[in-house]
Amino acid sequence: MQAGVHRAGVRLSVADIAAQPGGIEALRCRVHELRSRGVHFAANAIEQEMAALDLAPRG
């Protein structure tokens, strides 16, 4: 299953978002926002898909 965002019946995958200009940073911000709200399962799903796509932060 892909983590994504539902908008008006359209599902955007992590790969779709990452492919957009500024998409990777937007995903990182979303993960941070979700964690700050206590929605760890969604943040984990996004991070797992980013890792599978080799988009995880390095360091």
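Residues numbered from 1 in each chain as written. Predicted model: local features only at pLDDT ≥ 70, side-chain atom pairs only at ≥ 80, totals over all residues. Heavy atoms only, no water.

Colleague: If you had to explain the overall build of the protein chain to someone new, which residues and values would you point to?
Modeller: Helices and strands together make up the secondary structure of the protein chain, namely three helices and two strands. Ordered by position from N to C terminus, the α and β elements of the protein chain give β-β-α-α-α. Evaluated residue by residue, the protein chain yields a buried proportion of 25% over its 59 residues. Here the contacts in the protein chain between residues at least 6 apart in sequence split such that 34% fall between residues at least 24 apart. (Helix = DSSP H or I, 4+ residues; strand = E, 2+ residues; numbered from the N terminus. Buried < 20%, exposed > 50% of the residue type's maximum accessible area, 1.4 Å probe, protein only. Contact = heavy atoms within 4.5 Å.)

Colleague: Talk me through the pattern of salt bridges; I want residue IDs and the actual numbers.
Modeller: A side chain with one charge can pair with a side chain of the opposite charge if their charged atoms come near. Inspection of the entire model under this criterion finds three salt bridges. With a closest N to O distance of 3.5 Å, R37 and E33 form a salt bridge. Given the relative accessible area of 57%, R37 is considered exposed. Given the relative accessible area of 34%, E33 is considered partly exposed. Among the salt bridges present, the one from R35 reaches E47, with a minimum N-O distance of 2.5 Å. Taken together, the positions of R35 in helix 2 (residues 23-36) and E47 in helix 3 (residues 40-52) put the pair twelve residues apart, joining distant regions of the chain. Linked by salt bridges that have partners in common, R30, E33 and R37 make up one network. (Salt bridge = Lys/Arg side-chain N within 4 Å of Asp/Glu carboxyl O.)

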